[in-house]
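Residue-level structural notes
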Amino acid sequence: MAAFTERMVPVLVLWLAVCLSGSWAVDRGNFKTCDQSAFCKRQRALKPGQSPYRALLETMELTNTRLTLQLINDNNKVRLLLELYRLQGNMTRVKINELKPLKPRYEVPDVLIQEPPTEPLSLLSQDENGVVLSLGAESQRVIVSARPFRLDIMEGREVLMSLNSRGLLAFEHLRTRKDTFSYKVTSTVASVWDNIKWVFSSQADPETEKKEEADPANQAEEAVKEEEDKVEDGMWEETFKSHTDSKPNGPSSISLDFSLPGVEHVYGIPEHADALKLKTTDGGDPYRLYNLDVFQYELHNPMALYGAVPVMLAHNAQRTTGIFWLNAAETWVDISSNTAGKTVFGKMLDYVQGSSETPQTDVRWVSESGIIDVFIMLGPTPQDVFSQYASLTGTQAFPPLAALAYHQCRWNYNDQEDVQTVDAGFDQHDIPYDFIWLDIEHTDGKRYFTWDPHKFATPKDMLQGIMDKRRKMVAIVDPHIKVDSNYKIHNEIRSRSFYIKNKDGGDYEGWCWPGNAGYPDFTSPEMRTWWASMFAYDQYEGSMENLYTWNDMNEPSVFNGPEVTMHKDAVHGAWEHRDVHNLYGFYVQMATAEGLVQRSGGVERPFVLTRAFFAGSQRYGAVWTGDNAAEWEHLKISIPMCLSLSLVGISLCGADVGGFFKTPSSELLVRWYQTGAYQPFFRAHAHLDTPRREPWLFGPENTALIREAVRQRYALLPYWYQLFYHAYRTGHPVMRPLWVEYPQDLATFAMDDQFLLGRDLLVHPVTEEGARGITAYLPGKGEVWFDVHTFQKHNGAQNLYVPVTMSSIPVFQRGGSIIPRKVRVRRSSTCMEHDPYTLYVALSPQRAAEGELYIDDGHTFNFDKKREFLHRRLSFTNNILSSSNLAPGSQFSSQSWIERILILGASKPSKVTLKTADGQESQLEFEFDASMSVLTLRKPGMNVGADWTVVLQ
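Please read these numbers as outputs of a predicted model, since none were measured by experiment.

The next point concerns the overall build of the protein. Within the protein one finds 19 helices and 52 strands. Scaling as 2.2 N^0.38, a compact globule of 953 residues should have a C-alpha radius of gyration of about 30 Å, and the protein matches this with 30 Å. Projecting the C-alpha coordinates of the protein onto the three principal axes gives extents of approximately 115 × 80 × 55 Å. Buried positions account for 60% of the 953 residues belonging to the protein. By sequence separation, contacts in the protein at least 24 residues apart represent 72% of the contacts at least 6 residues apart. Put simply, the protein shows about 36,500 Å² of open surface, and 51% of that area lies on carbon and sulfur atoms.

Have a look at this one:
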């Protein structure tokens, strides 16, 4: 019977999963709307108007680093404490909490990389209406208005941002529940006793009674009592479908509105399957941030998905700003705009008629619990905002070079023989790859950190086999742990009391892939330390140094839980799950990445893919867009989804190539490979029930097209690697919307079907079925762009129609840039380590260009700890191409050399001379293609680490 039950569990779980997936379509009924989320409904019922809050200026305290001030709600007399900080790097921090909460309210730990350094605040003026504080730089100041409370950040005479200008600050204070039987008994007894005391009191005369009624303290008490006696549906208990949330702390939600004058374009707050430019939410649901396992999500709506980064960027031609709302509870974001819905014609009419209305976007954030802790990033450039956010939450982890190559995955490769066959298939068809992946079926009955004893009996032999080809593997380790007394991981977690608890104090259990599962409490540092130790080679049996990790289902996914996730009244130490929900996946990836670092003694860089994420997740690895579908619209949406993540710090993003659900046509599959080859994380993945789709299974023509796309990726790896090095050092994104580099070009502000890689490559993938051509917008008045395949030169600031065939991937290199490639593509990136480089020098109209070359060992922290790397500046000006050292304090030697230089937009020289650092000169062979103005220098042969100049005469 036990064996039968064991066999039936996966069947039941799969049945439950399929039910939830609604036969390949999301069942919206599984997920709440704002109307079904009690706190969202309550908060949304508040309409813009006069705020009940005023600032009590007599309570103001100003030190060198912060201002504190009490706010009072005139409706209920509850006091809040406002803290205002001026931070280094042109940022302002605003914190609002209850002055005297009944118990502490949750403040998010571990996301900020340090307590942000402050700069002095100085008082410019003060009267009974408010105070004006200097923010230092360029006449920037904060105006705190008292009645009603409002905060304006100004520069000169221009308002950059206003807080509570629409009066939507709302703070549900913690209170004692008053509609319970025990409370009613207690309060009745107390009331009777008060009456008895009053009757017998010698002070009981009518005059005293009148005085007591007029006393403001009594009025305040009455107002609070009146407010707290109010009990609305969902304040102390809420039911969704068959699930009840007990809400022992009662209502605790918070809200604040921000007004952005002059702004029509806002971006960010991933993850949503929607356009890059965020839409207004009037008349629909707000954007929701609540990490959820959503099977085959719908496109173009504000429903929550797997991850949540509460960061929004606002942009116009003059300035870029950002808002970082540091709260890990369920959050909804409303966006409205005074220009929404106006056509271009309507806007022109306004202009002609002299309508003076300035465009404005209003944003309102609502969270279920915690405090208001918001960072206002004042730019002014997009790059400044990226640096400001990175200074708070850190930069993208610098991945091993191999992680930027191609990944082959499916649920599931059946056994070791299957892995070996697929691996050999890539060699047979001359397609490079670096990582092969194993999904949940590789384990012993969904017990993570184990291997199926029959299908994967000798994992080290398998890993050694792919290591011999200089390849790697990723195996899945999910955070739901099978409840099984014969399973070491479960026994250890239970014995150490590391599981999340239910509201009654027992271990919280729910259904996931193994059947009944416990959920480790990753918010506990002790739990994370223990989890990390499980990746040690002597703990994780069968693991080797070429095995890396994938954390899936870490929203967390609970098949039989409310909204397919954990009950909000589950308990993490002193806190409820509702307070920490959006942090769970962040902590799982953190602990896993730490485990991979520790197992190598701190030497090797980790690679960890996560599905759930939060602000700061960029520090720990990669993210993908989850369970997409083999549909053209899903291919298209992968671009804005990854661009949105890039804008909020997460650069290592990709989508399942080919689509996870359903079966792609060969045309869609080819187009997806061509798109994925130019997105940061490049992995093919597919569902258990789909037909096999290794790249060679669609006929020789399609195999050749896929091979070419993958080879283009490998040739560009030096450029990808240096972009990720810069992302690690600066926080600037790898994949960029065009407006980031062309911030004054209005045509780029809503564009999300093309993108830039760094500054220098523009990519417009073909994402339409049966396309015969695409129209690419080439930005930059006075600039030129070169087609990377034909070297054809095109002027900037134009829409260019490009005819396409099935082999076309429209990509353009910016005139004025130098991009390194390795054109000898081998079976894996590691096999190409010592291969030579080709430099592509694309000249600007001023006949100049510059670029970089970054090289290190590709996999350790030695670049950081020992400064072992090469960083070269490549420059072309006055007909001289030179390489100089950008990092004099660094040391690294490479065997690679420069084997070819292509200069695009060149004139024919009479001779070409190479001068090396030791003073030697030699003539270089060259070819000149007059029809395309391309000069090719063959076999210059200098080492990549050397100083040299090439002179064209």
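That covers the picture; the talk isn't over yet.
Looking now at the sheet that holds strand 1 (residues 53-62). The strand order 1-2-3-4-20-17-16-14 describes an open sheet built from eight strands, whose pairing is antiparallel. Both outer strands of the open sheet, strand 1 and strand 14 (265-268), are each paired with one neighbouring strand and no more. If you compare each strand with its neighbour and ignore which way they point, the axes differ by 20 degrees on average. With four bridges joining them, strand 14 and strand 16 (residues 311-315) adopt antiparallel strand pairing. Note that in strand 16 the partner of Gly268 across the bridge is Met312. Against the sheet, helix 7 (residues 382-393) touches strand 3 (79-87), strand 4 (91-98), strand 16, strand 17 (320-325) and strand 20 (372-377), its axis set at about 25 degrees to strand 17.

Before going further, it helps to examine the state of the cysteines. Per the counting criterion, the structure on display carries two disulfides. Put simply, Cys642 and Cys653 are joined by a disulfide, and their sulfur atoms are 2.1 Å apart. Residues Cys642 and Cys653 are joined by a disulfide whose S-S torsion is about -75 degrees; by sign, that bridge is left-handed. One end of the pair, Cys642, is in helix 14 (residues 632-647); the other, Cys653, is in strand 32 (residues 653-654), and 11 residues separate them in sequence. Like Cys653, Cys642 is buried. By sequence-ordered numbering of the bonded cysteines, the protein has its disulfides arranged as 1-2, 3-4.

This part covers the packing of helix 16 (residues 700-715) against helix 17 (residues 717-730). Closest axis-to-axis distance for the helix 16/helix 17 pair is 5 Å, and the angle between their directions is 55 degrees. One way to sum up the angle between helix 16 and helix 17 is to call them oblique. For the pair helix 16 and helix 17, contact is made by Arg713, Tyr714 and Ala715 and by Leu717, Pro718 and Trp720, respectively. For the contact of helix 16 with helix 17, the residue count by class is five nonpolar, no polar and one charged.

An ideal rise of 1.5 Å per residue puts 22 Å on 16 residues; helix 14 measures up with 24 Å between its terminal C-alpha atoms. Largest kink in helix 14: about 25 degrees, centred on Ser638, with the proline Pro640 one to four residues after it. Burial of helix 14 is extensive: 14 of the 16 residues sit out of reach of the surface. Following helix 14 by one or two positions, Gly649 has its phi on the positive side, about 95 degrees.

Sheet topology note: the strand 5 (residues 122-127)/strand 6 (residues 130-134) ladder contains five bridges and is antiparallel. Within the sheet, the bridge partner assigned to Leu123 lies in strand 6 and is Leu133. Hairpin connection from strand 5 to strand 6: two residues lie between these consecutive antiparallel strands.

Here the focus is the side chain of Arg611. Its location among the elements puts Arg611 in the loop between strand 30 (608-610) and strand 31 (622-624). Note on Arg611: relative accessible area 1%, which makes it buried. A polar contact of 3.2 Å, which involves the side chain of Arg611, links it to the side chain of Asp552. At 3.5 Å, the side chain of Arg611 forms a polar contact with the side chain of Asp627. In contact with Arg611, other than residues within four places in its own chain, are Asp293, Tyr306, Gly307, Asn551, Asp552, Met553, Asn554, Glu555, Ser557, Trp624, Gly626 and Asp627.

Looking now at helix 11 (residues 525-533). Listed in full, the buried residues belonging to helix 11 are Met527, Arg528, Trp530, Trp531 and Ala532. Packing partners of the buried residues in helix 11 comprise strand 24 (481-482), helix 10 (488-495) and helix 13 (584-599).

Across the junction of Trp411 and Asn412, the peptide omega takes the value 10 degrees, indicating a cis bond. Considering the arrangement of structural elements, one finds Asn412 in the loop between strand 21 (406-408) and helix 8 (416-428). Look at the link from Glu555 to Pro556: it is a cis peptide, with omega at 5 degrees. Its location among the elements puts Pro556 in the loop between strand 27 (547-551) and strand 28 (571-572). The residue Phe449 is not glycine, and still its phi comes out positive at about 70 degrees. Note that Phe449 resides in the loop between strand 22 (435-438) and helix 9 (459-467). Residue Phe449 is classed as buried on the basis of its relative accessible area, which comes to 7%.

Here we come to the environment of Phe39. For Phe39, the location among the structural elements is in helix 2 (residues 38-45). A relative accessible area of 2% means that Phe39 is categorised as buried. Distance from Phe39 to His685, taken between C-alpha atoms, is 38 Å for residues 646 residues apart in sequence. Leaving out residues up to four positions away in the same chain, Phe39 has contacts with Ser253, Glu330, Trp332, Val366, Ser367 and Glu368.

With respect to topology, six strands assemble into an open sheet ordered 34-35-36-41-38-39, the strand pairing being antiparallel. A single partner strand is all that each edge strand has here, and the edge strands are strand 34 (735-736) and strand 39 (793-795). Judged from the three bridges that link them, strand 38 (residues 784-787) and strand 41 (residues 811-814) form a sheet pairing that is antiparallel. Each residue of the ladder has a partner; that of Phe786, found in strand 41, is Gln813.

The subject of this paragraph is the pattern of salt bridges. For side chains of opposite charge, pairing can occur when their charged atoms come near one another. All chains considered together, the criterion is met by 60 salt bridges. Asp427 is the partner of Arg827 in a salt bridge, and the nearest nitrogen-oxygen pair spans 3.5 Å. Of this pair, Arg827 sits in the loop between strand 42 (817-821) and strand 43 (837-842) while Asp427 sits in helix 8, and the two are 400 residues apart along the sequence. Among the salt bridges present, the one from Asp656 reaches Arg683, with a minimum N-O distance of 2.9 Å. Residue Asp656 is found in the loop between strand 32 and helix 15 (666-676), and its partner Arg683 is found in strand 33 (residues 682-684); the two are separated by 27 residues along the sequence. According to the relative accessible area criterion, Asp656 is buried, its value standing at 1%. A relative accessible area of 1% places Arg683 in the buried class.

How each quantity is defined
- Residues numbered from 1 in each chain as written.
- Predicted model: local features only at pLDDT ≥ 70, side-chain atom pairs only at ≥ 80, totals over all residues.
- Heavy atoms only, no water.
- Helix = DSSP H or I, 4+ residues; strand = E, 2+ residues; numbered from the N terminus.
- Rg over C-alpha atoms; globule rule 2.2 N^0.38 Å.
- Buried < 20%, exposed > 50% of the residue type's maximum accessible area, 1.4 Å probe, protein only.
- Contact = heavy atoms within 4.5 Å.
- Areas by Shrake-Rupley, 256 points an atom, 1.4 Å probe, with all protein chains shown as cover.
- Pairing = 2+ DSSP bridges.
- Axes fitted to C-alpha atoms, helices over the stretch in contact; angles between N-to-C directions.
- Disulfide = S-S within 2.5 Å.
- Parallel < 35°, antiparallel > 145°, perpendicular 65-115°, else oblique.
- Nonpolar A, V, L, I, M, F, W, Y, C, P; charged D, E, K, R; others polar.
- Expected span 1.5 Å × (residues − 1).
- Bend = angle between axes of the 7 residues up to and from the residue.
- Polar contact = N/O pair within 3.5 Å; in protein donor to acceptor, adjacent residues only side chain to side chain.
- Salt bridge = Lys/Arg side-chain N within 4 Å of Asp/Glu carboxyl O.

Shape descriptors only; they carry no functional weight alone.
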